[in-house]
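# Residue-level structural notes
Here is what each chain is made of, one letter per residue.
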Amino acid sequence: MSVVVGSGTASQHSRVGIIADTPLVQHLLQDVVVGAGYDVAVNTDPDRLKPALMHNETIRVWVVELEGHDQWDDFVQSLLESTESPILFGDGVIPARNHEDYPRWQRRMQEKLRALAPAAQPTAPAPTFDLERLRATRPPPVYLLPESLQNAPKTELGPIWVLCASLGGPESVKEFLDALPAKVPASFLYAQHIDAGCVDALQQSIGRHTQLSLVHAEHGRQLENGHVYLVPVHHEIRFTDNHGIVWQNNAWSGPYGPGLDHLLTNVAAQFGARAHAIVFSGMGSDGAIGAADIRAAGGTVWVQSSDSCVQSSMPDSVLQVGAAEAQGTPVELAEKLLIWLAERVTQIA
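So, here is what we can say about the structure in this document.

What counts, and where the lines are drawn
- Residues numbered from 1 in each chain as written.
- Predicted model: local features only at pLDDT ≥ 70, side-chain atom pairs only at ≥ 80, totals over all residues.
- Heavy atoms only, no water.
- Salt bridge = Lys/Arg side-chain N within 4 Å of Asp/Glu carboxyl O.
- Buried < 20%, exposed > 50% of the residue type's maximum accessible area, 1.4 Å probe, protein only.
- Phe/Tyr/Trp six-rings, centres within 6.5 Å; stacked < 30°, edge-to-face > 60°.
- Axes fitted to C-alpha atoms, helices over the stretch in contact; angles between N-to-C directions.
- Helix = DSSP H or I, 4+ residues; strand = E, 2+ residues; numbered from the N terminus.
- Parallel < 35°, antiparallel > 145°, perpendicular 65-115°, else oblique.
- Left-handed = near helix turned anticlockwise from the far one by under 90°.
- Contact = heavy atoms within 4.5 Å.
- Nonpolar A, V, L, I, M, F, W, Y, C, P; charged D, E, K, R; others polar.

### Regarding the pattern of salt bridges
- Applying the stated criterion to the full structure yields nine salt bridges.
- A salt bridge links Asp-101 to Arg-104, with the shortest nitrogen-to-oxygen separation between them at 2.5 Å.
- Since its relative accessible area comes to 29%, Asp-101 is described here as partly exposed.
- For Arg-344, the salt bridge is made with Glu-343, and the minimal N-O distance between the two is 3.3 Å.

### A closer look at the packing of aromatic side chains
- A full pass over the atoms with the stated rule returns seven aromatic pairs.
- An aromatic cluster is defined as three or more aromatic residues linked by ring pairs; in this entry it consists of Trp-161, Trp-302 and Trp-340.

### Concerning the packing of helix H1 (residues 23-35) against helix H3 (residues 102-116)
- Two elements in contact, H1 and H3, have axes separated by 9 Å at closest approach and are oriented at 55 degrees. The angle between the axes of H1 and H3 places the two elements in the oblique class. Where H1 crosses over H3, the handedness of that crossing is right-handed. Mapping the contact onto sequence places Leu-28, Leu-29, Val-32, Val-33 and Gly-35 in H1 and Tyr-102, Trp-105, Gln-106, Met-109, Gln-110, Leu-113 and Arg-114 in H3.
- Among the residues making up the contact of H1 with H3, the classes are represented as eight nonpolar, three polar and one charged.

### Topic: the packing of helix H6 (residues 169-178) against helix H7 (residues 199-206)
- Closest axis-to-axis distance for the H6/H7 pair is 10 Å, and the angle between their directions is 40 degrees. By the criterion of interaxial angle, the relationship of H6 to H7 is oblique. Counting all contacts with H6, which are made through Pro-170, Lys-174, Leu-177 and Asp-178, the residues of H7 involved are Leu-202, Ser-205 and Ile-206.
- Its residues assigned to classes, the contact of H6 with H7 comprises four nonpolar, one polar and two charged.

### Some details on unusual backbone geometry
- Cis geometry marks the peptide bond from Gly-257 to Pro-258, where omega comes out at -10 degrees.
- Considering the arrangement of structural elements, one finds Pro-258 in the loop between strand E11 (245-247) and helix H8 (260-271).
- Non-glycine residue Lys-183 carries a positive phi angle of around 65 degrees.
- For Lys-183, the position within the fold is in the loop between H6 and strand E7 (187-192).
- Look at His-243: it is not a glycine, yet its phi comes out positive at around 75 degrees.
- Its location among the elements puts His-243 in the loop between strand E10 (237-239) and E11.

Here you go:
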């Protein structure tokens, strides 16, 4: 019999963390989790699980199957003390796929998952913002486009930077974008935790002073340099091989929309080392897992410095998992981006 520790519910698209000490068991558990309609946030062995991920509130259930129980006693105790999410411990007996007991085991695990994380739960309320005040904010001076970037290819899509933000994010992202000059040879996906009804007002506020083109990430639109794309709140997006945006017929995983982990993972999967991210002010830890995926794909991750955030827990979580390479104020990050682009102008494709 498997053991359930803790209790709780999940959002409509529940995210599950899998911990197993052999690749085979990791694979079998992933099949069970995905087959039950859940998203896999992380699938790893205990040695490779970064401690900060145990606190990630977007992971609604942990599924743990460890063959060497005595070897992992300290790890299990740490997990129990670190997470508030329920934990489903397996019983160590997984039938072979071709065994007559396998469907019964699979069904039993899925029933326990659904009991821990029912599918129909309301989404957490998005943070609210004073967008009228934001529109009146005086922008910082605009940096000049470095000379080496003035001669960069104009028709080739440059790096893709995902701007992740939650509470306090609009102010930070506006400062960052307002400091950038036009014709930056990069494109930006702006993912802001916000109520869907406020997205148009967000566009007006953020776009008031920026020299970049701020548009909605509409289905079929192509990514272009010098453009900022507002990621939809209720629709997952993916990308075509020729850099087109494709809306999916489902919502994001995670407690808020857009799901930052979900988006970063999609961008990393599509664009590899061309995908990068900056995590700005925000509550919770959404983005920490996705930031690790960006780094694993060869991309760069920066975060807003804690002392310049309204709420620093989101960038702090990225720092805790070891995914961030640098940090700074929004204006410092804008300057850093131009230097970064100038150093890599010959690599832009």
